[in-house]
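Observations on chain architecture
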Amino acid sequence: MASSGPEEGAAEIEPASGESSHSWPAGPSVSAGPSRRPLLSSQGEEEAEADPLPAQYPSHLGAVPGRDKVALYCDRLLRGCKVTCKPSQSTSSHLKASISVAEPFSSNIANIPRELVDNVLDELDHCVPLLEIYPVEGQDMVVFDIAQALDVVRFFYDFLWRDWDDDESCETYTALVEERIKLWCDIENGTIPAPIGQRFRKNLEKYKNMHLELIQYQSNIKEEPTAEEAVECWKKYYELVMLCGLLKIWEDLRLRAHGPLTPRILKRRRGHRDDGKAVTHIVAKTVTAEMVKDFSVETLLQHDNLNMALDSCYSGDSVVIFPGEYKAVNLSMLTEDIIIQGAGKPEEIVIVSEPTHESFVVSKAQNVKLMHLTLVQQGTVDGIVVVESGHMTFVNCILKCEGTGVCVLTGASLTITNSEITGAQGAGVELHPGSTAILEGNKIHHCNNFKTSESSQGALGGINIKVVPVPKLKMKNNHIYSNNGYGVTILQPTDQLSTTGGILEFTASGDAEEDMLSKLMHELSLEMSSNTIDDIKGLSVVNS
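Residues numbered from 1 in each chain as written. Predicted model: local features only at pLDDT ≥ 70, side-chain atom pairs only at ≥ 80, totals over all residues. Heavy atoms only, no water.

1. A few points about a nonpolar patch on the surface
Together, Leu116, Val120 and Leu124 make up a nonpolar patch on the protein surface, roughly 250 Å² of accessible area in all. Its location among the elements puts Val120 in helix 2 (residues 114-123). Given a relative accessible area of 40%, Val120 falls into the partly exposed group. (Patch = residues over 30% accessible without salt bridge, like charges linked within 9 Å, V, L, I, M, F, W, Y side chains within 5 Å. Areas by Shrake-Rupley, 256 points an atom, 1.4 Å probe, with all protein chains shown as cover. Salt bridge = Lys/Arg side-chain N within 4 Å of Asp/Glu carboxyl O. Helix = DSSP H or I, 4+ residues; strand = E, 2+ residues; numbered from the N terminus. Buried < 20%, exposed > 50% of the residue type's maximum accessible area, 1.4 Å probe, protein only.)

Right under this line is the structure:
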C-alpha cells in the first residue's frame, strides 16, 4: 500500500499544517506493485495474492562524511534556531502528512480488505507521522528530493534530538549536535567498539521509551494524584533523570573512549564467618573420591554449579574448579576476599560469560585472586574484567576478550602474573586515573581490534594509561606484540602537554621529546624492565 493523491495513478504528500504540497507522479512502484492478481479459492471466491513491497530509496547519510554532516546540521539547518521541547507521544508525532491509497489497490498482505484499509485511514483522519513515510525507487527527482529530506529529518530525530536540550542556547546547541554526530561516526566506523556502541544505542532507546511511559502515566491521572500515583510518578522521573545523566556522560568526548564505567556491584559484603573458619568449595562436572582425597572435611561439593559456590562464599574461602566449561553470572558481583583457582591447566578450566549480562568479571573485594583459569568473553559490553575497588590478582590465566580489556578504575589496583590477554577491542589493560597495576611475565597480543582507518588504529596500544591523577604501573618481563598497535599509550589532557595534539612518538627524534617522556614516566611512577615490545613505536603520548 502506498500514498496517492486524488487523481488516479498519482500520489500526493501534504503537510498537515497546510504548507505547500508535493505531487508524486506514480509509477508501478508507487502503487506498491502491479495490480492485484485474482485467484479462486476452494469456495469459488476470489483471493488476492500478497505483492512484495517495492524497493525504498536507500539512505544517503551513511556515505556522507562526518564533517559534511556537521556542516549540514550545524551550519545550514540549525544555526540561529531556538531550541524548544514540547511533550508529545513521540519525538516527531507533531509532524504529519496527508495520505490516500494509490490506485489500483494492492498490498503486501494477502486478502486484506480494501474496506479495512479505508476504515483505518478514516480513524487516522488520513494523516500519518511524516517519518513513517518511505518513498520508493523509480520516481522523478521531486520524489528523490523528498526522500533525501525525510532521511535528514529522520536521522535528526533518531540520533541528534534530545528532549533535555530545551535550555540550551543556539551556540551551545549546535556544539552538542556536532558532538553527537562525531559520536555516531565513531560508532559506525568502529572507533568505539561494537559492544559499547550497542550499549549506547540500547540506553538511548531505553530513555526514549521511559520518557514516553512517564508522559502516558501522567496523562492517565485525571484528577489529583493519590499518594501511590505520586510516588510512582517520582520514581519514573528519577529513573529517567539518572539515565539522562548517563547519556550525557557518553556525549562528553573526553569520557567516552570505552563508555562510562559506572559501579555495577550493589551486593553487600559479608566478610568472614562468625566462627572464623574458611571453607573450600569444589566445582566439577563429576566428582570422584580421588579428586577430593586431599581436601579438608570442611570442603563443600557444589558439583557443576559455580554460581552457587560463589554465592555461598565468605571472605577467606576458596573455590576450586576442575576441568570443564562453566558459566557464572556471580563473577560480576565479587565482594568477598576469596581465591578462585583451577585444578589443572588453564586451557582445561574455561569460564564463559553470559551474553545477556553487561558485565563478566567485576570486583570490589579488598583482595580477590583468580588462578589457572581461562575467561572467555561473549556478548558482555564492559571490559572482560573491571576492578571497581580493592585489589585483584590474576596468576597463570588466559583472558580472551570480545569487548574491551581489563579496566582498573580510580583507586583500584591490579596484579597480573604469567598470564595472556588477547582479542580486546581497545587496550588490553586500561588504567584509569589514580589506579595501580603490576604486570609481570604476561603476553598481550591481538588487542586494539578496531575496524578503523590506519590513522586511528592502534592509538590505545596494548596498555593504555589515563594520567590525571597519575596512576602507577610496574612492568617486568612482559611481551607486548606488534599486533596491538602501540605497546603502551599515555592519555594526557591537552592542557597538560605543550604539543598541539595527536600522537607523540618517542623514539630517537630529539632531546626535548626524550626529556619530556622521561619526566612524564617519572611522574607516573612508571617502572619498566626487561619487557619485550615488538612494535617499533613502543611508547606514545595521546592528547585528550
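From this point, things continue past the structure.
2. Comments concerning unusual backbone geometry
The phi torsion at Asp125 lies on the positive side, around 60°, for a residue other than glycine. Within the secondary structure, Asp125 sits in the loop between helix 2 and strand 6 (127-129). Positive phi, normally seen in glycine, also occurs at His372, with a value near 55°. Note that His372 resides in the loop between strand 14 (367-371) and strand 15 (374-376).

3. Description of the pattern of salt bridges
When charged atoms on two side chains of opposite charge get close, those side chains can pair. Throughout the structure, instances matching the rule amount to 6 salt bridges. A salt bridge links Arg114 to Asp118; the shortest N-O distance between them is 3.3 Å. Separated by 4 residues within a single helix, Arg114 and Asp118 lie in helix 2, roughly one turn from each other. A residue is classified by how much of its surface remains accessible, and Arg114, at 29% relative accessible area, is partly exposed. In this structure, Lys236 engages Glu232 in a salt bridge whose closest nitrogen and oxygen atoms are separated by 3.7 Å. Placement of the pair is Lys236 and Glu232 together in helix 6 (residues 227-250), with a separation of 4 residues, close to one helical turn.

4. Thoughts on the pairing of strand 9 (residues 318-321)
Residues in a regular strand point their side chains to alternate faces of the sheet. Where burial is concerned, the two faces of strand 9 agree: the one with Ser318 and Val320 and the one with Val319 and Ile321 are both buried. Pairing of strand 7 (residues 280-283) with strand 9, which is carried by 4 bridges, proceeds in the parallel orientation. Residue Thr280 lies in a different strand from strand 9, and its bridge partner there is Ser318. Sheet topology places strand 9 next to strand 11 (residues 339-342); 4 bridges connect them, and they run parallel. Each residue of the ladder has a partner; that of Val320, found in strand 11, is Gln341. (Pairing = 2+ DSSP bridges.)

5. Section: empty space enclosed by the protein
By the definition in use, this model includes 1 cavity of 30 Å³ or more. What the largest cavity holds in volume is close to 80 Å³. Forming the boundary of the largest cavity are Lys267, Arg270, Leu310, Cys313, Asn330, Met333, Leu334, Thr335, Glu336 and Ile338. Along the lines of polarity and charge, the residues of the lining of the largest cavity split into 5 nonpolar, 2 polar and 3 charged. (1 Å grid on protein atoms, 1.4 Å probe; cavity = no way out; pocket = protein on both sides within 12 Å on 5 of 7 lines; lining within 4 Å. Points joined across faces, edges and corners; volume = space filled by probe spheres on them. Nonpolar A, V, L, I, M, F, W, Y, C, P; charged D, E, K, R; others polar.)

6. Describing the packing of aromatic side chains
Both the distance between ring centres and the angle between the ring planes are used here to describe each pair of aromatic rings. Applying the stated criterion to the full structure yields 9 aromatic pairs. Seen from their ring centres, Phe155 and Phe159 are 6.4 Å apart, and the 15° between their planes marks the pair as stacked. Taken together, the residues Phe155 and Phe159, both in helix 3 (residues 141-160) and 4 residues apart, mark about one turn of the helix. Both residues of the pair, Phe155 and Phe159, count as buried. (Phe/Tyr/Trp six-rings, centres within 6.5 Å; stacked < 30°, edge-to-face > 60°.)

7. Description of the packing of helix 1 (residues 66-77) against helix 3
Axis separation between helix 1 and helix 3 bottoms out at 13 Å; the angle between their running directions is 95°. Here helix 1 lies roughly perpendicular to helix 3, going by the angle between them. For the pair formed by helix 1 and helix 3, the contact residues are Lys69, Leu72, Tyr73 and Leu77 on the first element and Val152, Phe155, Phe156 and Leu160 on the second. Class assignment of the residues belonging to the contact of helix 1 with helix 3 gives a composition of 7 nonpolar, no polar and 1 charged. (Axes fitted to C-alpha atoms, helices over the stretch in contact; angles between N-to-C directions. Parallel < 35°, antiparallel > 145°, perpendicular 65-115°, else oblique. Contact = heavy atoms within 4.5 Å.)

8. Description of the confidence of the model for the chain
Overall, the prediction assigns the chain a mean pLDDT of 74, with 69% of residues at 70 or greater. Note that pLDDT drops below 50 for residues 1-45; the model gives that stretch 109 contacts with residues more than four away or on any other chain. Segment residues 451-458: pLDDT under 50, and 12 contacts once partners within four positions in sequence are set aside and those in other chains are kept. (pLDDT = per-residue confidence, 0-100.)

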